[in-house]
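# Reading the structure
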Amino acid sequence: MMNVREFSKISMIKGTLMAVEGVSDASYNELVEIETTSGKKRGIVVDSQLGVSIVQVFEGTTGISPTGTKVRMLGRGLEVKISEEMLGRIFNPLGDPLDNGPEIIKGERRDINGEPINPAMREYPEEFIQTGISAIDGLNPLVRGQKLPIFSGSGMPSNLLAAQIAKQATVRGEEGSFAVVFSAIGARYDDAVFFRKFFEETGAINRVAMVVSLANEPPVMKILAPRTALTLAEYLAFEKDMHVLAILIDMTNYCEALREISASKEEVPGRGGYPGYMYSDLATIYERAGKVKGKKGSITQMPILTMPNDDMTHPIPDLTGYITEGQITFDRSLYNKGIYPPINVLLSLSRLGKDGIGEGKTREDHANVMNQLFAAYARAVDTRGLAAIIGEDSLTEMDKKYLLFGEMFERKLINQGLNENRSIETTLDIGWELLSIFPESELTNIKAEYIKKYYPPYRGKK
Amino acid sequence: MENGRIVRVNGPLVVADNMRSALMYEVVQVGEGKLVGEITRIEGDRAFIQVYEDTSGVKPGEAVYRTGSPLSVDLAPGLMGRLFDGLERPLDTIASTSNSPFVSKGIKVSPLDENKKWHFVPTVKKGDKVDEGDIIGTVPETGLVEHKVMVPPGIHGTVKEIVPEGDYTINENILILDMEGDEKPISMLQRWPVRIPRPYKEKLEPTEPLLTGVRVLDTIFPLAKGGTAAIPGPFGSGKTVTLQSLAKWSAAKIVIYVGCGERGNEMTDELRSFPKLKDPWTGRPLLERSILIANTSNMPVAAREASIYVGATIAEYFRDQGYDVLLVADSTTRWAEALRDLGGRMEEMPAEEGFPSYLPSRLAEYYERGGRVKVLGKPERIGSLSLASAVSPPGGDFTEPVTSNTLRFVKVFWPLDVSLAHARHFPAINWLQGFSAYVDLVAKWWNTNIDPKWKEMREIIVNDLIREDQLKQIVRLVGPDSLAEKDKLTLESAKFIKEAFLKQNAFDDIDAFSSPQKMAKIMNALVLFHDRGLKLTEKGFSVKDIVEKATPVMTEIIKSKAIIKNNELQKYDELIAKLNSVFDSMEKGDAS
Ligand SMILES: Nc1ncnc2c1ncn2[C@@H]1O[C@H](COP(=O)(O)OP(=O)(O)OP(=O)(O)O)[C@@H](O)[C@H]1O
Ligand SMILES: [Mg+2]
């Protein structure tokens, strides 16, 4: 690329943007170094014209003055040094250590924006990951290479669940566990500390790399954090043969940073003030997951977001759901009932689960049981609504059975301990136990041979 | 042609000067990396260029190279079974030659294999007069598709030379025409600008259903060959699965699937499954009749806008050969958003929700490309292009501009209902809100070819579903006890319709595709329950009693969707006989 060029005429400073005069050869997305009297900052060129460049400053423009500021165009894009040595360490989104450890010396510079994976090079994900969580394994199964977010609400235990999954996730019949690339986006300090401590206590810290941007940092750092993390994830997965679990937390902070930057550029706002391109922008993050041909590793992505006002139709969960391969959705009423994890399975979905289950993968009856549990729980919830209006006594006998099933389903199947790691067989057996509330004729989703084999009344008889 | 000079780079929008002689919609190559772009506005000597690849690293001062021609696609044998990107670049070839999991920018690979020889059989001879659209020969492109090589639109003349039957590449001249005194060489390769619909002789009314094997579609809201349909719904409601079912099972001769701004893995899913799955109508591998076009959500936005037109042009080309073509687009919302994004960067005045004011006319133009037509050329032939598109409304709100405008231009509407999807009732098509303008037209076909009572049966089914909705509202107000027995029977009948017929598991080997005969059999069972059940209530039987007695057979019928194969339909006759005997014995006894 080009050489370093230096400029000093700044004609405008606004929000995170500044205009640098006299530049005619700045590349789009070129990296810029800004020297102010109070220290160095970095930025990129977001609009390059003959004679002027608009630069977005990562650390914010606080302290930049039209006079006495030197702007150096570095002749390259935004690259971060990536290396295996990052496991066990903590960095900021620009790759600078945050843990008092040494800088990464032996690394490879990578453009953190990455490139789209060729669909013809993708390998379809279909290896079941046992998370030990019934609501996920039994009803919304996760497979290796999937992108499956958690839609949480403020105050709900998404951190606990993410940590539990990171600890318990295994692919059956395989040694070794996932390397975790953890990106804290606009995190509160105590959240970052929680995860750090959790990984230390579980002895996993040496296979965890953390990329952290804190809540009080300028918005651009939050835009960079997941990209740097995923650049590392791609490197580990596709060049170092590792199975990577990428946890991004909290994508709501990411979207708010995106909105803030868009507003500062005076772009036409879309729904909720978020920019119209938020879908495409989020896609450049979420699509960085999967498996590819000829490579042993994989990236399984678990972004976590907080639904503003618990509203699933809010643009942040909405656009996320349009890109990811399903979602695990928390429900305030389950949370208030004391159910952990408070997963509403009807509002949740795993689009890739179907390919990871069944004979030889989980158990032959899995798909049938799963469909039956969904159908029964959906009817239970429906019946609950009806009972609230017309009173439980007016319900038919069968409807009453469904009511009972709904309660048991939440308390026995969904609910589980923070350290409870259930095998898929345990989960399915609980499911059968619950289904035995019903007569055989209600089980229209289950093949006769599985009913004969697993339906508790038959099992008892043998 | 003189080169232009870049004066501004703002994301996918590049402005260049020294472009006074440029053409609107001309394709250009931008910067040292020669990125593909298209001119979308000209002001003085400045051209605004929409660039189809990531512009990082491009800078003012670099050159813009003109090509003089608009964005076009290559049309020739070698299209079937392939995966292209939104600009017809072959992602499959790029994968096998680049050895990288990623698509790097600036890659230049021609869409079709230029070295492969195709077996060409001429159908004209020296001295014949030929006109645009005339078939001059055929190539067996796949086991399923005979590629008709045609005289390109705008060309005519007398055959001066025609090659003998043999193997030729797509670039070799196979025919030399005397066109008004000029020699005009013709190869198997045609190019056509994607934004201009290919010409045809005459538009005709659709006459036949485009069967899809999906029961709720074929029976409740049928599509016709040459028809247009939209399937809107919030995320996770089943748009892609339904469109994939159409791509897999529909009775189209050729299917073109455009993944427009959607997931990479969905394209991969098709790539891995289509070679293995069999076209139910011919028994051949699906890939032999399919073309996939992928501009995934993380690929550059501008190419997403183009991908729809690339798909439509390839589809029209096969329609012109006289085939029934289905073009599936998932999702047109992402295409509209690309329009919005590019319009915004050009500082156009936004209309509704930031979309450009020309959104409705672009949508209208797109759906206008569908239809059943008498195509150009001899021998006379009719081709059809059916369009089925997903719409992805933000927050599932159907009043937003893309959904509401699409509704104006399509004849079939398959709205997906979030509450059905959450309850795992799939396909989650709302039977009260959907519509099809083709019902009467296809009823004739069904009554003649499948079952003379089809239309009548459909009406009973639809009425029970409508009536159920009204009754449910009453139940919510005053409880179920207040209902008359015949109304209670309607509720049971509707439940049976949903469980045994409307619900269809796209991932079950047997249930995924229903032949029209299988559909009619199940309908007979549903109507039987409705008719005879009603009669019993009139005789004083309670619905509770009826249901209790009929449940075992009804459970069997519900399960049979996934058990009885399309070639074992006599088993339905047995089930229907069983159901009849339940009613017979009840009728013989007394109402208790
Ligand atoms: N006919 C069907 N049979 C069984 N499952 C279905 C069917 N249709 C949809 N589903 C289920 O719903 C899920 C979501 O469907 P699909 O991917 O088609 O949604 P979508 O509307 O395309 O969503 P998005 O807008 O996010 O792309 C599927 O992964 C599958 O689990
Ligand atoms: Mg979809």
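Residues numbered from 1 in each chain as written. Chains lettered and ligands numbered in written order. Predicted model: local features only at pLDDT ≥ 70, side-chain atom pairs only at ≥ 80, totals over all residues. Heavy atoms only, no water.

### Brief notes about the overall build of chain B
Threshold: A run of H or I in DSSP becomes a helix once it reaches four residues, and a run of E becomes a strand once it reaches two; helices and strands are each numbered from the N terminus. For the radius of gyration, the atom set is restricted to C-alpha positions; the globular benchmark scales as 2.2 Å times the number of residues to the power 0.38. Think of it in three bands: residues with accessible area under 20% of the maximum for their type are buried, residues over 50% are exposed, and the middle band is partly exposed, with areas taken using a 1.4 Å probe on protein chains only. Contact criterion: two residues are considered in contact whenever any of their non-hydrogen atoms come within 4.5 Å of each other. Lys and Arg are tallied as positive, Asp and Glu as negative. Neither His nor the chain termini are counted. For this purpose, a charge sits on NZ of Lys, CZ of Arg, CG of Asp or CD of Glu.
Scanning chain B for helices and strands turns up 15 helices and 26 strands. For a compact globule of 592 residues, the expected C-alpha radius of gyration is about 25 Å, and chain B comes in at 27 Å, within 12% of that figure. Projected onto the principal axes, the alpha-carbon positions of chain B cover approximately 95 × 55 × 45 Å. Expressed as a percentage of its 592 residues, the buried residues of chain B come to 61%. Across chain B, contacts joining residues at least 24 apart in sequence account for 70% of those joining residues at least 6 apart. Positive and negative side-chain charges of chain B, numbering 75 and 83 respectively, have mean locations separated by a distance of 2 Å.

### Here we look at the sheet that holds strand β12 (residues 128-130) of chain A
Test applied: For two strands to pair, DSSP has to find at least two bridges joining them.
An order of β13-β12-β15 (chain A) is seen for the 3 strands of this open sheet, with the pairing classed as antiparallel. The strands lining the two open edges of the sheet, one partner per strand, are β13 (142-143) and β15 (170-171) of chain A.

### Topic: the interface of chain A and chain B
The condition is simple: What counts as buried area is the accessible surface, traced by a 1.4 Å probe, that two parts surrender upon association, with contributions from both included. Every case where a carboxyl oxygen of Asp or Glu lies within 4 Å of a side-chain nitrogen of Lys or Arg is listed as a salt bridge. Any pair of nitrogen or oxygen atoms within 3.5 Å is treated as a polar contact; in protein, a donor-acceptor pairing is required on top of that, and neighbouring residues in sequence qualify only through side-chain atoms on both sides. In the scheme used here, Gly and all other residues not listed as nonpolar or charged are polar, with Ala, Val, Leu, Ile, Met, Phe, Trp, Tyr, Cys and Pro taken as nonpolar and Asp, Glu, Lys and Arg as charged.
Across the contact, 75 residues belong to chain A and 74 residues belong to chain B. Both sides together, the interface formed by chain A and chain B hides about 5900 Å², and carbon and sulfur atoms give 56% of it. It is Y28(A), R271(A) and Y322(A) that lose the most area in chain A upon contact with chain B, and together they represent 13% of the buried surface on that side. A salt bridge links R272(B) to E126(A); the nearest nitrogen and oxygen atoms lie 3.2 Å apart. Summed over the shared surface of chain A and chain B, the result is 35 residue pairs in polar contact (both at pLDDT 80 or more). Contributions of two or more residues to the side of chain A that touches chain B are made by β5 (39-49), β11 (122-123), α4 (219-238), α6 (278-286), α7 (315-321), α9 (366-390) and α12 (448-454) of chain A. If you tally residues by element for the side of chain A that touches chain B, the top one is α9(A), at 7 residues. In terms of residue class, the side of chain A that touches chain B is made up of 38 nonpolar, 20 polar and 17 charged.

### A few points about unusual backbone geometry
Look at the link from I249(A) to D250(A): it is a cis peptide, with omega at 15°. Of note, D250(A) is situated in the loop between β18 (243-249) and α5 (251-264). Residue P427(B) is bonded to the preceding F426(B) through a cis peptide linkage, with omega at -10°. By the element assignment, P427(B) lies in the loop between α9 (418-422) and β26 (435-436). One non-glycine residue with positive phi stands out, namely N99(B), at about 65°. Position of N99(B) relative to the elements: it lies in the loop between α1 (91-98) and β9 (118-122). Overall, N99(B) belongs to the exposed group, its relative accessible area being 69%.

### Structural notes on a nonpolar patch on the surface
All names here are of chain B. Cut-off, in case you're wondering: Patch members must show over 30% relative accessible area and no salt bridge, and they are joined within 9 Å when carrying like charges or within 5 Å when they are nonpolar side chains of Val, Leu, Ile, Met, Phe, Trp or Tyr. Per-residue and other accessible areas follow the Shrake-Rupley method at a 1.4 Å probe size, with only the shown protein chains counted as cover for residues.
Side chains of I474, L477 and V478 sit close together on the surface and give an oily, nonpolar patch of about 310 Å² of accessible area. In this fold, L477 is placed in helix α11 (residues 454-478). On the basis of relative accessibility, which here comes to 73%, the residue L477 falls in the exposed class.

### Here we look at the pattern of salt bridges
Residues and elements named next belong to chain A. Scanning all chains against the criterion turns up 88 salt bridges over all chains. The closest approach of N and O atoms between R384 and E407, which form a salt bridge, is 3.3 Å. With a gap of 23 residues between them, R384 in helix α9 and E407 in helix α10 (residues 397-414) connect regions that are remote in the sequence. Judged by relative accessible area, which is 24%, R384 ranks as partly exposed.

### Let's talk about the site of ligand 1
Rule in force here: Neighbouring residues are identified by heavy atoms, a residue being near a molecule or strand if any of them is within 4 Å of it.
In the vicinity of ligand 1 lie 19 residues, with R351(A), K239(B), T240(B), V241(B) and R263(B) positioned nearest. At 2.8 Å, a side-chain N or O of R263(B) approaches an oxygen atom of ligand 1. Isolated, ligand 1 exposes 630 Å² of accessible area, and the fraction of that covered by the protein chains is 92%. No other element matches helix α3 (residues 239-249) of chain B, which puts 3 residues into the shell around ligand 1. Class assignment for the residues of the shell around ligand 1 results in 8 nonpolar, 7 polar and 4 charged.

### Focus: α5(A)
Residue and element names in this part refer to chain A. The condition that has to hold: Here the expected span of a helix is defined as 1.5 Å times the quantity of residues minus one.
Helix length check: α5, at 14 residues, gives a terminal C-alpha distance of 20 Å against a target of 20 Å (1.5 Å per residue), a fit within 8%. Of all the positions in α5, only M251, T252, Y254, C255, A257, L258, I261, S262 and S264 are classed as buried. At the N-terminal end of α5, a side-chain oxygen is found 2.7 Å from the backbone nitrogen of T252, two or three residues along, and the residue is D250. Within two residues after α5, E266 carries a phi angle of roughly 60°, on the positive side.

### Thoughts on the sheet that holds strand β12 (residues 146-150) of chain B
Across a sheet, strands are paired by hydrogen bonds formed along the backbone, either parallel or antiparallel in direction. Residues and elements named next belong to chain B. We count it as follows: Every axis corresponds to a line fitted to the C-alpha atoms, with the helix fit spanning only the stretch in contact, and the corresponding angles, defined between N-to-C directions, vary from 0 to 180 degrees.
Reading across from one edge, β12-β11-β9-β14 is the order of the 4 strands in this open sheet, with antiparallel pairing throughout. Sheet topology places β12 and β14 (166-168) at the edges, where each strand pairs with a single neighbour. For this sheet, the mean angle separating the axes of adjacent strands, direction not counted, is 40°. Relative to strand β11 (residues 135-140), β9 runs antiparallel, the two being bridged by 2 bridges. Bridging across to β11, P122 finds its partner in G137.

### A few points about the packing of aromatic side chains
What counts here: Each aromatic pair joins two rings of Phe, Tyr and Trp (for Trp, the six-membered one) with centres within 6.5 Å, and gets the label stacked for planes under 30 degrees apart, edge-to-face for over 60, and tilted for any other angle. Definition used: whenever NZ (Lys) or CZ (Arg) falls within 6 Å of the ring centre and also within 35 degrees of the ring normal, the charge is taken to sit over that ring.
If you walk through the whole model with that rule in mind, you get 27 aromatic pairs over all chains. Centroid distance F195(A) to F199(A): 6.2 Å. Interplanar angle 35°. Geometry classified as tilted. Taken as a pair, F195(A) and F199(A) lie in helix α3 (residues 189-201) at a separation of 4 residues, close to a single helical turn. A relative accessible area of 1% places F195(A) in the buried class. Where W249(B) meets F513(B), the ring centres are 6.1 Å apart and the plane angle is 50°; that geometry is what we call tilted. Residue W249(B) is located in helix α3, and its partner F513(B) is located in the loop between α12 (485-502) and α13 (516-538); the two are separated by 264 residues in the primary sequence. According to the relative accessible area criterion, F513(B) is buried, its value standing at 12%. These aromatic residues form a ring-pair network of at least three members: F182(A), F194(A), F195(A), F198(A) and F199(A). In this structure, K116(B) is placed above the aromatic ring of W118(B), and the distance from its NZ or CZ to the ring centre is 4.7 Å.

### Topic: the nonpolar core
The following threshold applies: In these notes, a set of buried Ala, Val, Leu, Ile, Met, Phe, Trp, Tyr and Cys residues joined through side-chain atoms within 4.5 Å is what counts as a nonpolar core.
Among the nonpolar cores identified, the biggest contains 86 residues, and W414(B) and F529(B) are the most heavily contacted of them. Not counting residues up to four positions away in its chain, the partners in contact with W414(B) are L217(B), F221(B), L223(B), A229(B), A230(B), I231(B), P232(B), L246(B), A388(B) and I429(B).

### Topic: the side chain of D399(A)
When you line up the elements, D399(A) lands in helix α10. Ignoring anything within four residues of it in the chain, the contact list for D399(A) reads R379(A) and T383(A).

### Remarks on the pairing of strand β24 (residues 382-391) of chain B
The two faces of a sheet get side chains in turn, since along a regular strand they alternate between them. All names here are of chain B. Within β24, 9 of the 10 residues are buried, leaving the element largely enclosed by the surrounding structure. Across 5 bridges, strand β19 (residues 228-232) lies against β24 in parallel orientation. In the sheet register, P232 faces β24, and the bridge partner there is V391. With 6 bridges connecting them, strand β22 (residues 324-330) and β24 associate as parallel partners. Within β24, the position partnered with A329 by the bridge is S389.

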